[in-house]
Amino acid sequence: MDETWLDGNELAGAMRELFAVDVTMARGQCASCGRTGMLAETRVYAMAPGLVVRCIDCEEVLLRFVRGPDRAWLDMRGVGYLEFGLPAEPVPTVGP
Amino acid sequence: MQPSRLAWRVTTVKAVRPETLIASTLVLDVADWPGHLAGQHVDVRLTAADGYTAQRSYSIASAPDTSTIELTVQRVPDGEVSAYLVDEARPGDQFELRGPIGGYFAWRPVSTRPLLLLAGGSGIVPLMAMIRTRAASGNAAPVRLVYSVRAPDLVIYAEELRRVAGNDGVEVSYVYTRSVPEGWDEPPGRLDASRLARAAWPPSAEPDCYVCGPTGFVEAAADLLVAAGHQPERIRTERFGPSGG
């Protein structure tokens, strides 16, 4: 692998078509080597018509994303889980 | 505001301002813009008459505003999108835009930590958004900007940086890699450990570091920061690709 990769920020726009939150800030675990980190800290290879996301340590594939005219495929088998930070829910003041 | 998926929207060019011989700022009309964080970017999509589309990402250059945003684009060799945006776009032109995107490489003006900004070439754009947002919000976090550029005539925002430098807690240093201004007291060369030590915050200041530019610059600069003792968790990077974005 060489300099033709971009960092995980490259994923952000494509993923915002699918997710209501910024996926690049989610933390995940590489299913191959166990490294954890934010999706922003990965290597993204633009391989038309999609993107391949690789672990910055072991280079194994974390995600594949392909966008067609009327559908998108997201292959996430290389990521064990994704942990999203969400705004804390305000305590509701309804009640008797 | 409830988060929702992002859709493409049509934007109209309001004005185009040349910055250097190869870079221009486009002022874009964006009705109902939700606001953005300094460091975020937009995706731009151009569609030709034959349906051919080309899409690129560009960092937002302006501080948040509700009705316009500014993008500064530098022409890349053989760049089909940048050539249009820098040389041909005119007020009234329209194209598609999607954003704001990216929470990782973003600076929030509630932060009080010292800010260390390392820019390579057009990597100055999102970092300038940080400087502008800081000024607009009255944030007092001290800033050191180290701007690496090939030659003095390629400095983007030269006039604004001259005004801002040395005022209100912002210090600006330049690293000229191919040719230096007249009277410059050192030969051209890349950012290295000693230039960084002179221009940047020391690790003891525990600054938040943002590094942006071509891949080669970002790799080298981030390595220098770590070697100097900055914590990797406080270093955020955005690579524009080999040609500099």
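Note that the structure is a prediction, hence the values are computed from the model and not measured.

Turning our eyes to something else, we now look at the nonpolar core. Proteins that are soluble and globular tend to have nonpolar side chains buried together. All names here are of chain B. Ranked by size, the top nonpolar core spans 77 residues in total, and within it Leu71, Leu117, Leu127, Met130, Leu145 and Tyr210 carry the most contacts. Of the residues forming this core, the biggest block, seven residues, is contributed by helix α2 (residues 124–137). Summarising the domain contributions, this core has at least three residues from each of domain 1 (9–101) and domain 2 (115–239). If near-sequence neighbours (up to four positions away) are discounted, Met130 is found in contact with Ala38, Gly39, Trp107, Leu115, Leu117 and Tyr210.

This part takes up the interface of chain B and chain A. Contacts between the two partners involve 18 residues from chain B, matched on the other side by 18 residues from chain A. Listing elements by their share of the side of chain B that touches chain A, those giving two or more residues are β6 (94–101) and β11 (235–239) of chain B. Among the elements that take part in the side of chain B that touches chain A, β11(B) stands out by supplying three residues, more than any other. Among the residues making up the side of chain B that touches chain A, the classes are represented as six nonpolar, seven polar and five charged.

Side chains on a regular strand alternate between the two faces of the sheet. Residues and elements named next belong to chain A. By the alternation rule, side chains of strand β2 (residues 27–30) split into Gly28 and Cys30, which are all buried, and Arg27 and Gln29, of which none is buried. Pairing analysis gives three bridges linking β2 to strand β3 (residues 36–38), with the strands arranged antiparallel. Among the inter-strand pairings, Gln29 is bridged to a residue of β3, identified as Thr36. Counted along the chain from β2 to the antiparallel partner β3, the turn is five residues long, and its residue Gly34 has a positive phi close to 85 degrees.

The next thing to look at is the sheet that holds β2(A). Residue and element names in this part refer to chain A. Spatially, three strands are ordered β3-β2-β8 in an open sheet, and the strand pairing comes out antiparallel. The strands lining the two open edges of the sheet, one partner per strand, are β3 and β8 (79–83). When strand polarity is set aside, the average angle formed by the axes of neighbouring strands in this sheet is 25 degrees. For β2 and β8, the ladder comprises three bridges, and the chain directions are antiparallel.

Cut-offs applied
- Residues numbered from 1 in each chain as written.
- Chains lettered and ligands numbered in written order.
- Predicted model: local features only at pLDDT ≥ 70, side-chain atom pairs only at ≥ 80, totals over all residues.
- Core = buried A, V, L, I, M, F, W, Y, C linked by C-beta atoms within 7 Å.
- Buried ≥ 20, exposed ≤ 12 C-beta atoms within 10 Å, placed from the backbone.
- Helix = DSSP H or I, 4+ residues; strand = E, 2+ residues; numbered from the N terminus.
- Domains from an automatic or database assignment.
- Contact = placed C-beta atoms within 7 Å.
- Nonpolar A, V, L, I, M, F, W, Y, C, P; charged D, E, K, R; others polar.
- Pairing = 2+ DSSP bridges.
- Axes fitted to C-alpha atoms, helices over the stretch in contact; angles between N-to-C directions.

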